[in-house]
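# Reading the structure
Okay, here's what each chain looks like letter by letter:
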Amino acid sequence: MSVTLIVEAAAPIAPQPSLPELKTSLVGLDRVRLAEALTRIGVAPREAKMRVQQLWHWIYWRGARDFEEMTNVGKALRRALAEQFTLDRPEIVSEQVSVDGTRKWLLRMPRKGPHDRGAEIECVYIPESDRGTLCVSSQVGCTLTCAFCHTGTQKLVRNLEASEIVAQMMVARDRLGEWPGHSPPEGTIAPTDGGRLVSNIVLMGMGEPLYNFDNVKTAIDVISDGEGLALSRRRVTLSTAGVTPMIPRAGEEIGTMLAISLHAVRDELRNTLVPLNKKYPIKDLLDACRTYPGVSNARRITFEYVMLKGVNDSLAEAKDLVRLLKGIPAKINLIPFNPWPGTNYECSDWEQIERFSDIVFNAGYASPIRTPRGRDILAACGQLKSETEKLRARARLMLESGVGEAGMFAANVE
Ligand code: SAH
């Protein structure tokens, strides 16, 4: 099998004064920021509203890549826009396609200044027969240090801006050919139900979305806007490790479905698995779930529970889980642990996962076992970014042995 590896030199890159002109991309901006951009190039405030409407249609409904496509925008304005702005998406550093059709993109955000290399994040597309789910990142790295999560071993670099969250969906739709007049490239594995290719979004990539509340909120406003990307909030799931005080606001102001990374039924264990629990213990977290705005049997909360052999997978814990969730419209997603280099945890035995699932199911809760997807390309839960790390180490070795140059370079390996 031939894969393209993109490797990054580990040595710090010297400041690069020759930044290409930093034109701002309009892609991912909300209506307020689009209006500001127009005012900046001299469009009168009265006119700006109508122009925003036009740009919105071209950018988010049609996926335009060039201002010249915008035939109902006058030539002079098109030229002015092109002089000051772009319709660029984040750069796709690499794209990996799993045998199961899962796609993982490593994206590099535009550089913000001479010392910035351009933050890198990962984004994963998971096609199933009845849906296509895009797993989106909300931060570069993560602060939470959950013991079993590889993403958590990387330090937080920064919050993603709202536009950078939206841009992940734009890239996915570009690559899947999901714009009017376009079609998926040959060989694309896509949902077979005739529905949208990106039909669902889960904020389950890198980062803790409730630590980047305002940007996540703005991004979901853009994504769910009926005149553009038009993805219903009910098809968006925000996953949190349990930033309890923000949960009511998430329900009121963002209004997506909610998922909680629970993973343990006792505070003592959860403190070690999800250190955030020391701040916001299980009881308080579940109280916030009970009163989550909009929660009902039709809008259940998903509880994620990673299956760790001999750690949290006993049948007594399954029974405790059922007791704990009493009164909360819930479904429980059992996630087989995805191992990564250097971890001491192991995935529970399959029979144990099934027994655990049976107990939860017999108590009246849906308890699907999440099929690991894209494991061959390290795209499964908690594996994001790990390949990049590994490749960095490899790049370092190559540099030390005199192969390659500082900066970015790509190697094709068999
Ligand atoms: N910070 C948010 C968003 C990340 S979602 C949150 O914690 O909910 C990613 C999901 O995958 C979380 O439920 C996380 O706990 C889980 N996960 C992390 N590492 C994993 C691994 N190695 N195997 C299986 N699931 C993992």
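Residues numbered from 1 in each chain as written. Predicted model: local features only at pLDDT ≥ 70, side-chain atom pairs only at ≥ 80, totals over all residues. Heavy atoms only, no water.

### So, the site of the ligand
Residues in close proximity to the ligand total 22 residues, the closest being Gly207, Ser239, Ser261, His263 and Asn338. In this structure, a nitrogen atom belonging to the ligand sits 3.1 Å away from a main-chain N or O atom of Phe148. The separation between an oxygen atom of the ligand and a polar side-chain atom of Glu304 is 3.1 Å. Computed on the free molecule, the ligand has an accessible area of 550 Å², of which 96% lies beneath the protein chains in the complex. Secondary-structure elements contributing two or more residues to the shell around the ligand are β11 (236-240), β13 (301-307) and β14 (330-336). (Near = heavy atom within 4 Å. Polar contact = N/O pair within 3.5 Å; in protein donor to acceptor, adjacent residues only side chain to side chain. Areas by Shrake-Rupley, 256 points an atom, 1.4 Å probe, with all protein chains shown as cover. Helix = DSSP H or I, 4+ residues; strand = E, 2+ residues; numbered from the N terminus.)

### Points about the environment of Leu285
Position of Leu285 relative to the elements: it lies in helix α8 (residues 282-290). With 43 residues separating them along the chain, Leu285 and Gly242 place their C-alpha atoms 6.3 Å apart. Apart from residues no more than four positions distant in its own chain, Leu285 is found in contact with Gly242, Thr244, Ile247, Ile260, Leu262 and Arg270. (Contact = heavy atoms within 4.5 Å.)

### Remarks on the side chain of Asn212
You can see Asn212 is positioned in the loop between β10 (200-203) and α5 (213-224). Here Ser138 takes part through its backbone oxygen, which lies 2.9 Å from a polar atom of the side chain of Asn212. Among the polar contacts made by the side chain of Asn212, one reaches the main-chain carbonyl oxygen of Leu160 at a distance of 2.8 Å. Once residues lying within four places of it in the same chain are set aside, the contact partners of Asn212 are Ser138, Gln139, Asn159, Leu160 and Ile165.

### Examining the pattern of salt bridges
Per the counting criterion, the structure on display carries 26 salt bridges. Notably, a salt bridge pairs Arg31 with Asp225, separated by 2.9 Å at the nearest N-O pair. With a gap of 194 residues between them, Arg31 in helix α1 (residues 31-40) and Asp225 in the loop between α5 and β11 connect regions that are remote in the sequence. Overall, Arg31 belongs to the partly exposed group, its relative accessible area being 25%. (Salt bridge = Lys/Arg side-chain N within 4 Å of Asp/Glu carboxyl O. Buried < 20%, exposed > 50% of the residue type's maximum accessible area, 1.4 Å probe, protein only.)

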